[in-house]
Amino acid sequence: MPGVSARGLSHEERRQLAVNLTRVLTLYRSILDAYIIEFFTDNLWGTLPCSWQEALDGLNPPQLATLLLGMPGEGEVVSSSPSLWVFARGANNQCPGDLCSLPFQLVKKLSDLTGCTQVVDVGSGQGHLSRFMSLGLGLMVKSIEGDQRLVERAQRLDQELLQALEKEEKRNPQVVQTGPRHSPHHVVRWVDPMALCEELLLPLENSPQSGARLLLTGLHACGDLSVALLRHFCCCPEVAALASVGCCYMKLSDAGGYPLSQWVAGLPGYELPYRLREGACHALEEYAERLQKAGPGLRTHCYRAALETVIRHARPELRRPGVQGIPRVHELKIEEYVQRGLQRVGLDPQLPLNLAALRAHQAQENRVVAFFSLALLLAPLVETLILLDRLLYLQEQGFHAELLPIFSPELSPRNLVLVATKRPLGEAFSVLETEDS
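Okay, so let's go over this structure. It should be emphasised that the depicted structure is a prediction, and the values quoted were computed from it without experimental measurement.

**So, the pairing of strand β4 (residues 214-222)**
Part 1 of the reasoning: Sheet topology note: the strand β1 (residues 118-122)/β4 ladder contains 4 bridges and is parallel. By the bridge assignment, D121 is partnered in β4 with T217.
Part 2 of the reasoning: By the bridge criterion, 8 bridges tie β4 to strand β5 (residues 239-247) in an arrangement that is parallel. Of the residues in β5, the one forming a bridge with L219 is V245.
Part 3 of the reasoning: Read as a crossover between parallel neighbours, the route from β4 over helix α9 (residues 224-235) to β5 is right-handed.

**A few points about empty space enclosed by the protein**
Part 1 of the reasoning: Counted under the stated rule, the structure contains 4 cavities of 30 Å³ or more.
Part 2 of the reasoning: The space that makes up the largest cavity amounts to roughly 150 Å³.
Part 3 of the reasoning: Lining the largest cavity are 13 residues, with I31, L32, A34, R275 and A375 positioned closest to its centre.
Part 4 of the reasoning: For the lining of the largest cavity, the element with the highest residue contribution is helix α16 (residues 365-396), accounting for 5 residues.
Part 5 of the reasoning: Split into classes, the residues belonging to the lining of the largest cavity amount to 10 nonpolar, 2 polar and 1 charged.

**Description of the nonpolar core**
Part 1 of the reasoning: Counting residues in each nonpolar core, the largest one holds 102 residues, and the members touching the most others are F39, L56, F87 and L394.
Part 2 of the reasoning: Among the elements that line this core, the one with the most residues is α16, at 20 residues.
Part 3 of the reasoning: Beyond its immediate stretch of four places on either side in the chain, F39 contacts L44, W45, A305, Q364, R367, V368 and F371.
Part 4 of the reasoning: Ranked by size, the runner-up nonpolar core spans 22 residues in total, among them F104, L110, L404 and I406.

Cut-offs and rules
- Counting of residues starts from 1 at the beginning of each chain's written sequence and follows it residue by residue.
- Reporting in this predicted model follows two pLDDT cut-offs: at least 70 for local features of residues, and 80 or more for side-chain atom pairs to be given and counted; totals over whole chains, interfaces and linings ignore these cut-offs and use all residues.
- Heavy atoms throughout the structure, all of them, feed into the side-chain values; hydrogens and water do not.
- Following DSSP output, two strands are said to pair if at least two bridges run between them.
- Numbered from the N terminus, helices here are DSSP runs of H or I no shorter than four residues, and strands are runs of E no shorter than two.
- Here a crossover is taken to be right-handed if, once the strands point away from the viewer, the path from the first strand over the helix to the second is traced clockwise.
- Think of a 1 Å grid over just the protein atoms. A cavity is a set of points where a 1.4 Å probe fits yet cannot get out, a pocket is an open set with protein on both sides within 12 Å along at least five of seven lines, and lining residues have an atom within 4 Å of a point.
- Grid points are joined across faces, edges and corners, and a volume is the space filled by probe spheres set on the points.
- Side-chain classes are defined by residue name, with Ala, Val, Leu, Ile, Met, Phe, Trp, Tyr, Cys and Pro counting as nonpolar, Asp, Glu, Lys and Arg as charged, and the others, Gly among them, as polar.
- For this analysis, a nonpolar core means a set of buried residues of the types Ala, Val, Leu, Ile, Met, Phe, Trp, Tyr and Cys, connected via side-chain atoms within 4.5 Å.
- When accessible area is computed with a 1.4 Å probe and restricted to protein chains, residues below 20% of their type maximum are described as buried, those above 50% as exposed, and intermediate ones as partly exposed.
- In what follows, residue pairs with any heavy atoms lying within 4.5 Å of each other are defined as contacts.

Set out below in structure tokens:
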């Protein structure tokens, strides 16, 4: 999907982008608010403009992938597409395999550029980022995680890696370790998004007791945790830099999680309720690939929407009940799926079914896929507005911030890192963006 670079925009252009985003989101709010399982019960297809229906009707999944979610061909300019208003998600670096080192290298460079003596990894989970930064890059790292079990797992993995490194050195004496190895310092602590965490700011024992400069990082800091990192960066003089990849936007609190900036809070239509924030976490690139393959698994949304009509006919007060995953949906006839679904929600699976109606619903499978694709097309606008709000918030505080794509979105849908510093770094942000590419 085409997009704009946050680095290519001035402060005023970023503010104007926020205005444009709120206008577009207000215009197409009904699509983002819709639940695809209500496609038939709420006649979602009928809510689209007639010209849209005519353009989309009959398109197969690969055509939808190209026309709605695909990248433009060489030399093409799609000036009217809302996708031009999202932050570019494609990274310069296409990382092979399951692990990409770019997030770690970026933190190392940012630490060097800002003179930070300690990295604090918040929401560190099993410590993969912390372990790489400390044992791989030689950084002094404190890991903060609220789940005791994850911390214990992280400590075991630390020891396993240290033992593996020692064995490797014995097998290969030519491998020379420069300097002592420091395992991450793990701390079990929940970070309150609305209050400063003293533990987060305390220097390690072997760090200088005065003049410590901290770099905060969070790789996929969930919900309000990414907001907590922003607040610590802004309020604490010890914190010199920030590198944060947010996720789980639907878990942002209604009070204090969004909006953060005065500019976005003053715009009409800035509101992003749970449904919109949840949609912004979808894996757009993964779904586009599914469309291109046109596999039978795409019919799941159509089957679930047909099931909803049967549920509401049987019990009108029961709306959108959770249906646990039904295995191998693509191998089932629609009536078989409905029967299993009825049982999952506590209804009689032998209820008489209108097979003609179910077949008519199944015939609209491509329409269901097209409507869902429209929602995914708009979802990146929501993510862009959330991240743009954070950029503007930091700039309103007098700090310097950029957004960089650090790995392929196929590896993780949330691949934009917010980098912030308290003093201008000139071309340093360009260095962070282009090196290792």
